[in-house]
Amino acid sequence: MYQIMINDTTLRDGEQAAGVAFNLEEKVAIAQFLDTIGVHELEVGIPAMGEEEIRAIVAIRNLDLNAKLLGWNRAVLSDIKASIACGLERVHIAIPVSGVQIAAKFHGQWRVSLQKLKDCISFALDQGLWVSVGGEDSSRADENFLQDVAMLSQEWGASRFRFCDTVGVLDPFRTHLKVKHLVSTLSIPIEIHTHNDFGLATANALAGIKAGAVSVNTTVNGLGERAGNAALEEVIMALKCIYGVDLGIQTQHLLKLSQLVAKASGANVQPWKAIVGENTFAHESGIHAHGVLQNPVTYEPYAPEDVGWERRLVIGKHSGRHSLSNLLEQHGIFLDSQETQAILDVVRQQSILKKRSLTTEELLNLVSEKRYSHAT
Ligand SMILES: CC(=O)SCCNC(=O)CCNC(=O)[C@H](O)C(C)(C)COP(=O)(O)OP(=O)(O)OC[C@H]1O[C@@H](n2cnc3c(N)ncnc32)[C@H](O)[C@@H]1OP(=O)(O)O
Ligand SMILES: O=C(O)CCC(=O)C(=O)O
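Residues numbered from 1 in each chain as written. Chains lettered and ligands numbered in written order. Predicted model: local features only at pLDDT ≥ 70, side-chain atom pairs only at ≥ 80, totals over all residues. Heavy atoms only, no water.

1. Some thoughts on the overall build of the protein chain
- Secondary structure summary: the protein chain contains 15 helices and 10 strands in total.
- The dimensions of the protein chain, computed from C-alpha atoms along their principal axes, are 90 × 40 × 35 Å.
- Expressed as a percentage of contacts within the protein chain between residues at least 6 apart in sequence, the contacts between residues at least 24 apart total 71%.
- Of the roughly 17,300 Å² that the protein chain leaves accessible, carbon and sulfur atoms contribute 52%.
- The centroid of the 34 positive side-chain charges in the protein chain is displaced by 3 Å from the centroid of its 43 negative side-chain charges. (Helix = DSSP H or I, 4+ residues; strand = E, 2+ residues; numbered from the N terminus. Contact = heavy atoms within 4.5 Å. Areas by Shrake-Rupley, 256 points an atom, 1.4 Å probe, with all protein chains shown as cover. Lys, Arg positive; Asp, Glu negative; His and termini not counted. Charge placed at Lys NZ, Arg CZ, Asp CG, Glu CD.)

As structure tokens, then:
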């Protein structure tokens, strides 16, 4: 595979998640973290939103990061001017390309929308800016119209075209077909932007990359509009572990980054969330824990420290003798097989009552209670 670039949009599409509002310090901290771990490009926000957003973007720009910075704009001249006011050198200009969106936003007048796009690209280029164009709702657009808009964008001087599955309606097979078609007809690079309405955002992002997209939009924790976007941590780790493509990003900090964004967004990550959920390297089931004690590769696709986790063996309703003995032995307690089974029986009952696994302290108390009652 060719060189893939991550263009992370946590600070734009991520923040568009309903109810999320980063302050300036949070935006700066997230940008800094993403840059430190080696993310290539950041979509830092929407300058047209006004003063507060502009101040945050200027603060990020003043950090002089290695990552390239991109401002998001509609095909509206005042939007581009706001991006210029932020000191940005790269602008993204979005234009709806599906019939339903052109009807709602431009009263069906696609010629008007294309003229606006042309004017905006031309203005941005005159100001010395690098321009990317986004086909909003590309997945539902008429294929020929999408192709025409992308070709015209290229002709008018855009340096990249973004294929957007705006409402997350594609599957990986259709994503591959559509992106491949664009890639084969354009000479500028294609970026893939996917949403998670059917839980396929990461799979579709990978399919777009497989089809030849060289840039991929991600957000930390998959934060974003509605069901969110392709998650940064999932795309990076899937590329690394499934395709053997190392993007040069320091993955061992992904957990910390996730926690930073969870705190700033107030949007907690569910325990089973891939890569950064707290269950990612927690093993309770007896058969799994037994396997992991022999060799972690039995039930782990990559090592916990690769993303900043530590492995946890948890004792609960599904535990077996091996993991229980292992834990107790770490505390100097050696039980015979009958005693171990008796403790396991109580663990199962208590886990059901408490509706969770047991803490080590609870477990040690349970063992001493059992032993005491046995002795008396
Ligand atoms: C798929 C996406 O994620 S697109 C990005 C969406 N993100 C956001 O909307 C978050 C930030 N947005 C905002 O702060 C505001 O919506 C602003 C500042 C951009 C605009 O605010 P307002 O002027 O109050 O307009 P409002 O949001 O109500 O409506 C959107 C307007 O943009 C127009 N518009 C939408 N997309 C585009 C586009 N790609 N190019 C040109 N115009 C567009 C709409 O037709 C509508 O125009 P109208 O005011 O002439 O009817
Ligand atoms: O950049 C664009 O063109 C639109 C991006 C977007 O957020 C989307 O289509 O979901």
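2. Digging into helix H10 (residues 232-241)
- Of all 10 residues that make up H10, eight are buried, and the element is covered over most of its length.
- Of the positions making up H10, those classed as buried are Leu232, Glu233, Glu234, Val235, Ile236, Met237, Ala238 and Leu239. (Buried < 20%, exposed > 50% of the residue type's maximum accessible area, 1.4 Å probe, protein only.)

3. Some thoughts on the UniProt feature "domain: Pyruvate carboxyltransferase" (unreviewed entry) in the protein chain
- Under the feature "domain: Pyruvate carboxyltransferase" (unreviewed entry), the UniProt entry names residues 4-255.
- End C-alpha to end C-alpha, residues 4-255 measures 22 Å, and it is 45% helix and 18% strand. (UniProt positions renumbered as here; feature names shortened; annotations may be inferred.)

4. With respect to the site of ligand 1
- Lining the immediate surroundings of ligand 1 are 16 residues, of which Gln16, Met49, Arg74, Ala75 and Ala94 lie closest.
- At a separation of 3.0 Å, a nitrogen atom of ligand 1 approaches a polar backbone atom of Ala75.
- The separation between a nitrogen atom of ligand 1 and a polar main-chain atom of Ala94 is 2.7 Å.
- Considered on its own, ligand 1 offers 1,000 Å² of accessible surface; in the complex 53% of this is hidden by protein.
- Only strand E3 (68-74), strand E4 (90-96) and helix H5 (99-106) provide two or more residues apiece to the shell around ligand 1.
- No other element matches the three residues that E4 contributes to the shell around ligand 1. (Near = heavy atom within 4 Å. Polar contact = N/O pair within 3.5 Å; in protein donor to acceptor, adjacent residues only side chain to side chain.)

5. Regarding the site of ligand 2
- Around ligand 2, the structure places Arg12, Asp13, Trp72, His92, Ala94, Gly134, Glu136, Arg162, Cys164, Thr166, His193 and His195.
- A distance of 2.7 Å separates an oxygen atom of ligand 2 from a polar atom in the side chain of His92.
- Burial of ligand 2 by the protein chains amounts to 95% of its free accessible area of 290 Å².
- Sorting the residues of the shell around ligand 2 by element identifies helix H1 (10-14), E4, strand E5 (130-136) and strand E6 (160-165) as the ones contributing at least two each.

6. What to know about the sheet that holds strand E1 (residues 5-8)
- Here eight strands make up a closed barrel; going around it, the order is E1-E2-E3-E4-E5-E6-E7-E8 and the pairing parallel. The sheet shows a mean angle of 25 degrees between the axes of neighbouring strands, direction not considered.
- Direction of pairing for E4 relative to E5: parallel, over a ladder of seven bridges. Across the sheet, Ile95 pairs through a bridge with Gly135, a residue of E5.
- Contacting E3 and E4, helix H4 (residues 77-85) crosses the sheet at an angle of about 155 degrees to E3.
- On the sheet, helix H9 (residues 201-210) packs against E6, strand E7 (190-194) and strand E8 (215-218) and is oriented at approximately 165 degrees with respect to E7. (Pairing = 2+ DSSP bridges. Axes fitted to C-alpha atoms, helices over the stretch in contact; angles between N-to-C directions.)

7. Structural notes on unusual backbone geometry
- Unusually for a residue other than glycine, Asp137 sits at a positive phi of about 65 degrees.
- Counting through the fold element by element, Asp137 comes out in the loop between E5 and helix H7 (143-156).
- By relative accessible area, which is 0% here, Asp137 ends up buried.

8. Looking at the packing of H7 against helix H8 (residues 172-185)
- Their axes nearest at 11 Å, the elements H7 and H8 cross at an angle of 40 degrees. Taken together, the axes of H7 and H8 are oblique relative to one another. Crossing angle aside, the handedness with which H7 passes H8 is right-handed. In contact with Glu143, Leu146, Gln147, Ala150 and Met151 of H7, H8 contributes Lys178, His181, Leu182 and Thr185.
- In terms of residue class, the contact of H7 with H8 is built from four nonpolar, three polar and two charged. (Parallel < 35°, antiparallel > 145°, perpendicular 65-115°, else oblique. Left-handed = near helix turned anticlockwise from the far one by under 90°. Nonpolar A, V, L, I, M, F, W, Y, C, P; charged D, E, K, R; others polar.)

9. Quick word on the side chain of Thr10
- Structurally, Thr10 can be placed in helix H1.
- Judged by relative accessible area, Thr10 falls into the buried class, the value being 0%.
- Side-chain polar atoms of Thr10 contact the side chain of Asp8, separated by 2.5 Å.
- A distance of 2.8 Å separates a polar side-chain atom of Thr10 from the backbone nitrogen of Val220.
- Discounting chain neighbours no more than four positions away, the residues touching Thr10 are Glu15, Phe22, Ile30, Thr218, Thr219, Val220 and Val261.

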